[in-house]
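Spelled out, the chains give:
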Amino acid sequence: RKEVEQDPGPFNVPEGATVAFNCTYSNSASQSFFWYRQDCRKEPKLLMSVYSSGNEDGRFTAQLNRASQYISLLIRDSKLSDSATYLCVVNKAAGNKLTFGGGTRVLVKP
Amino acid sequence: GAVVSQHPSWVICKSGTSVKIECRSLDFQATTMFWYRQFPKQSLMLMATSNEGSKATYEQGVEKDKFLINHASLTLSTLTVTSAHPEDSSFYICSARDGPPAYNEQFFGPGTRLTVL
């Protein structure tokens, strides 16, 4: 079983719609959680950290469910520029190595 | 945010040659740098962790004699792919951290696309 698993998609989303997707992680000792965005043939860029109480950044909302070991990302009022691959990233306390999920591809269409 | 550069951005080489990739932190001192590899339609896989002035720590399955890492200064780490073969063709990305392990954010370089013919 992979340490971090994501639905690869693609999620085809009409412009203006809401899309949400999850990521599951296997290591219950994981301490930090992030969503990164990666555009085609580019490096990943930090979208947002995910906090236990859930957090929102503009149109993006992230949630963490430790009991079920998953995190989620919700994108509201999708824009064409939101089309990208969203990477779920988990950090174990020791060693501070990031473990990346396979990514969820989102395509926002007019 | 902090800026990390990589050079070259892409390279094409013949099988059997060695290729050096540089990773620089431009506006901060990076105590730790990380090297990742990403194959098409796959996620980033950590290859090694590099601390300034000490030997790199390689992930399981990564050959340290094939992927030579040097972190000679707080702003520069290099990855040399020795005797490259077509299966080494990949997107190599470095990242750098400017703080202690408790500070988690890593800043990523733009990546180097290696194609071995």
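Located above this text is the structure these notes cover.
Cut-offs applied
Residues numbered from 1 in each chain as written. Chains lettered and ligands numbered in written order. Predicted model: local features only at pLDDT ≥ 70, side-chain atom pairs only at ≥ 80, totals over all residues. Heavy atoms only, no water. Phe/Tyr/Trp six-rings, centres within 6.5 Å; stacked < 30°, edge-to-face > 60°. Buried < 20%, exposed > 50% of the residue type's maximum accessible area, 1.4 Å probe, protein only. Helix = DSSP H or I, 4+ residues; strand = E, 2+ residues; numbered from the N terminus. Contact = heavy atoms within 4.5 Å. Buried area = accessible area lost by both parts, 1.4 Å probe. Salt bridge = Lys/Arg side-chain N within 4 Å of Asp/Glu carboxyl O. Pairing = 2+ DSSP bridges. Axes fitted to C-alpha atoms, helices over the stretch in contact; angles between N-to-C directions. Disulfide = S-S within 2.5 Å.

This paragraph deals with the packing of aromatic side chains. Scanning all chains against the criterion turns up 12 aromatic pairs over all chains. Measuring from centroid to centroid gives 4.8 Å for Tyr25(A) and Phe33(A), while their planes differ by 45°, and the two rings are tilted. Of the two residues, Tyr25(A) and Phe33(A), neither departs from the other in class, the shared state being buried. Relative to Phe108(B), the ring of Phe100(A) lies with its centre 5.9 Å away and its plane at 80°, an arrangement referred to as edge-to-face. Remark: Phe108(B) occurs in strand 10 (residues 107-108) and Phe100(A) occurs in strand 10 (residues 98-100); the pair is interchain, linking two chains. Phe108(B) carries the same exposure label as Phe100(A), and that label is buried.

This paragraph deals with the interface of chain B and chain A. Facing 20 residues of chain B, the contacting portion of chain A comprises 17 residues. Between chain B and chain A the total buried area reaches about 1400 Å² when both faces are included, carbon and sulfur atoms providing 51% of it. At the surface where chain B touches chain A, the tally comes to one salt bridge. Taking the shortest distance from any N to any O, the salt bridge between Glu59(B) and Lys97(A) comes out at 3.1 Å.

Our next topic: the sheet that holds strand 7 (residues 67-73) of chain B. Residue and element names in this part refer to chain B. Judged by pairing direction, the sheet is antiparallel, and its four strands sit side by side in the order 1-3-8-7 without closing on themselves. With one partner strand each, in any of the chains shown, strand 1 (4-7) and strand 7 form the two edges of the open sheet. Between one strand axis and the next, the sheet turns through 15° on average, direction left out of account.

All told, the structure shown has two disulfides over all chains when counted by the stated rule. One disulfide in the model links Cys23(A) with Cys88(A); its S-S distance is 2.0 Å. Across the S-S bond linking Cys23(A) and Cys88(A), the dihedral sits near -65°, which makes this disulfide left-handed. Of this pair, Cys23(A) sits in strand 3 (residues 19-25) while Cys88(A) sits in strand 9 (residues 84-92), and the two are 65 residues apart along the sequence. Of the two residues, Cys23(A) and Cys88(A), neither departs from the other in class, the shared state being buried. The disulfide partner of Cys23(B) is Cys94(B), and the S-S distance across this bridge is 2.0 Å.

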